[in-house]
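If you want the building blocks of each chain, they are given just below.
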Amino acid sequence: MVLAELLELAPGGLEEKALEGGLVEYAIYGAPGELPAVGRIHAVAGDRLVEVITEEVAEGWETRWREFHRPVRVAGTVTIRPPWAPPSDTPIDVVIDPGQAFGTGAHPTTRLCLELLLELEASGPLVDLGCGSGVVAIVAARLGYDPVLALDNDPAAIQAVRENARLNDVEMEIRRHDLRMDRPQAAETTVANLLAPLLLSWAARLGDAPELPRRLVVGGLLLSEAPRVAEAFAGHGLREVDQRRSADWVALRMASDT
């Protein structure tokens, strides 16, 4: 209830932090004059009493979010880092600007997909379906896949991918694509780090070769969703050959029977 009320004040989002004793703290940041200066009061939310505090934050708050974006290493081969972090010593060093928050490689689903991709021999074309900030597509281009096609339905994601491709000096095709309506371009290798409903919808509309990938990596799955997704693609001759898990998340690697 409190969160719903605060989102009226800050539709762009706010910070949520779990405190000791089962308490939750919500924080909204703004320049002087943007938020009401109420000092320290108590308010009623449902049957609970909520403490409300306004105070001036320390200098540098506008860049403090950078502390949460640290380099991510994958299988000792790839490092994904923000622009302000120093270059890494791994064979592949990828710079991702998290300004648009479309993924920095820190989420388990991205790391799991990259781990499975690194086990494959890099050759031929690759499609990154639901590319977000372009992490997988950029790593694929650096590995040697060619051509690389990055697809996403969000215009802001497309803009972020273009900027990150420029930062990493890689060539790829970047296009807007609605998986719910459009069939993706066929490629020998496809990575789809998407939610289960989108993956199931795509699998239900897949036809026969040549639109089927020979090698498919899917992520964005909870453990309970993985069997159903694997079964959906198995109906098209793509069998599960490997998987990676992290907490409640899982990524699958599937290969064509032919």
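Nothing here was measured: the structure is a model prediction, and the numbers come from that model.

Draft legend 1. Up close: helix α3 (residues 135–143). With 7 of 9 residues buried, α3 is to be regarded as a mostly interior element. Of the residues flanking the end of α3, it is Gly144, one or two places downstream, whose phi is positive at about 120 degrees.

Draft legend 2. Focus on the nonpolar core. Judged by nonpolar contacts, the single largest core of 34 residues is most densely connected at Leu117, Val148 and Met172. Looking at this core, the elements that each hand over two or more residues are β5 (72–74), β6 (78–81), β7 (92–95), α2 (108–118), α3, β9 (148–152) and α4 (155–167). Here this core gets 7 residues from one element, more than from any other, and that element is α3. Apart from residues lying up to four places away in sequence, Leu117 is in contact with Leu126, Val136, Ala140, Leu143, Tyr145, Thr189 and Val191. Within the second largest apolar cluster, 25 residues are counted, among which are Ala196, Leu199, Trp202 and Leu206.

Draft legend 3. Spotlight on α2. Within α2, 8 of the 11 residues are buried, leaving the element largely enclosed by the surrounding structure. Three or more residues of α2 are buried, namely Pro108, Thr109, Thr110, Leu112, Cys113, Leu114, Leu116 and Leu117.

Draft legend 4. Quick look at the pairing of β6. Burial of the side chains of β6 extends over both faces: Val78 and Ile80 are buried on one face and Thr79 and Arg81 on the other. Of the pairings in the sheet, the one linking β5 to β6 comprises 3 bridges and is antiparallel in character. If you follow Val74 over to β6, its bridge partner there is Val78. Taking the residues between adjacent antiparallel strands as the criterion, β5 and β6 are bridged by 3 residues, where Ala75 takes a positive phi near 55 degrees. In the sheet, β6 pairs with β7 via 4 bridges, with the strands oriented parallel. Opposite Val78, over in β7, you have Ile92 as the bridge partner.

Draft legend 5. Representation of the side chain of Asp93 in the model. Examined against the element boundaries, Asp93 turns out to sit in strand β7. Looking at Asp93, its side chain comes within polar contact range of the side chain of Arg81, at 2.8 Å. Within the structure, Asp93 has its side chain in polar contact with the side chain of Ser88 (distance 2.8 Å).

Draft legend 6. Representation of the sheet that holds β6 within the structure. On the basis of which strands lie adjacent, the open sheet formed by 3 strands has the order β5-β6-β7 and mixed pairing. Two strands in the sheet have a free side with no partner beyond their single neighbour: β5 and β7. Taking the axes of each pair of neighbouring strands and ignoring which way they run, one obtains an average angle of 20 degrees across the sheet. The strands touched by α3 within the sheet are β6 and β7, with β7 carrying the most contacts at an inclination of about 145 degrees.

Draft legend 7. Just the pattern of salt bridges, in detail. Considering all chains together, one arrives at 11 salt bridges under this definition. Arg180 serves as the salt-bridge partner of Asp178, at 3.1 Å between the closest nitrogen and oxygen. According to the relative accessible area criterion, Asp178 is buried, its value standing at 15%. On the basis of relative accessible area, Arg180 is assigned to the exposed category, the value being 54%.

Draft legend 8. Summary view of the state of the cysteines. Scanning the entire structure with this criterion turns up 0 disulfides. Between Cys113, a free cysteine, and Cys131, which holds the nearest cysteine sulfur, the sulfur-to-sulfur gap is 13 Å.

Draft legend 9. Local environment of the packing of helix α5 (residues 196–205) against helix α6 (residues 226–234). Running from amino to carboxyl end, α5 crosses α6 at an angle of 15 degrees, the nearest separation of the two axes being 9 Å. The angle between the axes of α5 and α6 places the two elements in the roughly parallel class. In this structure, α5 crosses over α6, and the sense of that crossing is left-handed. Contact residues: Ala196, Leu199, Leu200, Trp202 and Ala203 in α5; Arg228, Val229, Ala232 and Phe233 in α6. In terms of residue class, the contact of α5 with α6 is built from 8 nonpolar, no polar and 1 charged.

Draft legend 10. Examining the packing of α2 against α3 more closely. Direction vectors running N to C along α2 and α3 enclose 20 degrees, while the axes themselves pass 10 Å from each other. Between α2 and α3, the angle is such that the two are roughly parallel. α2 and α3 meet at a crossing whose hand is right-handed. Facing α2, whose interface residues are Thr110, Leu114, Leu117 and Leu118, α3 presents Val135, Val136, Val139, Ala140 and Leu143. Partitioning the contact of α2 with α3 into residue classes produces 8 nonpolar, 1 polar and no charged.

Thresholds, definitions, all that
- For every chain, the first residue of its written sequence is number 1, and the numbers climb from 1 along that sequence.
- Predicted model: local features are reported for residues with pLDDT of at least 70 only, side-chain atom pairs are reported and counted for 80 or more only, and whole-chain, interface and lining totals are derived from all residues.
- Calculation of side-chain values draws on the structure's entire complement of heavy atoms; hydrogens and water are dropped beforehand.
- Summary of the burial criterion: residues with accessible area below 20% of their type's maximum are buried, those above 50% are exposed, and those between are partly exposed, where the area comes from a 1.4 Å probe applied to protein chains only.
- Put simply, DSSP H or I for four residues or longer makes a helix, DSSP E for two residues or longer makes a strand, and each gets a number counted from the N terminus.
- The term nonpolar core refers to a set of buried residues drawn from Ala, Val, Leu, Ile, Met, Phe, Trp, Tyr and Cys, joined through side-chain atoms within 4.5 Å.
- Only heavy atoms matter for contacts: two residues are in contact if any of them lie within 4.5 Å across the pair.
- In this analysis, strands are considered paired if DSSP registers two or more bridges between them.
- In protein, a polar contact requires one atom able to donate a hydrogen and another able to accept it; more generally it is a pair of N or O atoms within 3.5 Å, and residues adjacent in sequence count only if both atoms are side-chain atoms.
- To get an axis, a line is fitted to the C-alpha atoms, and for a helix only the part in contact is used. The angle between two axes follows their N-to-C directions and goes from 0 to 180 degrees.
- Definition used for salt bridges: Asp or Glu carboxyl oxygen within 4 Å of a side-chain nitrogen of Lys or Arg.
- To count as a disulfide, a pair of cysteine sulfur atoms needs to be within 2.5 Å.
- Should an angle fall under 35 degrees it is taken as roughly parallel, and over 145 as roughly antiparallel, whereas 65 to 115 is taken as roughly perpendicular and any remaining angle as oblique.
- A crossing counts as left-handed when the near helix is turned anticlockwise from the far one by less than a right angle, and as right-handed when that turn is clockwise.
- When residues are sorted by character, Ala, Val, Leu, Ile, Met, Phe, Trp, Tyr, Cys and Pro go into the nonpolar class, Asp, Glu, Lys and Arg into the charged class, and all the rest, Gly among them, into the polar class.

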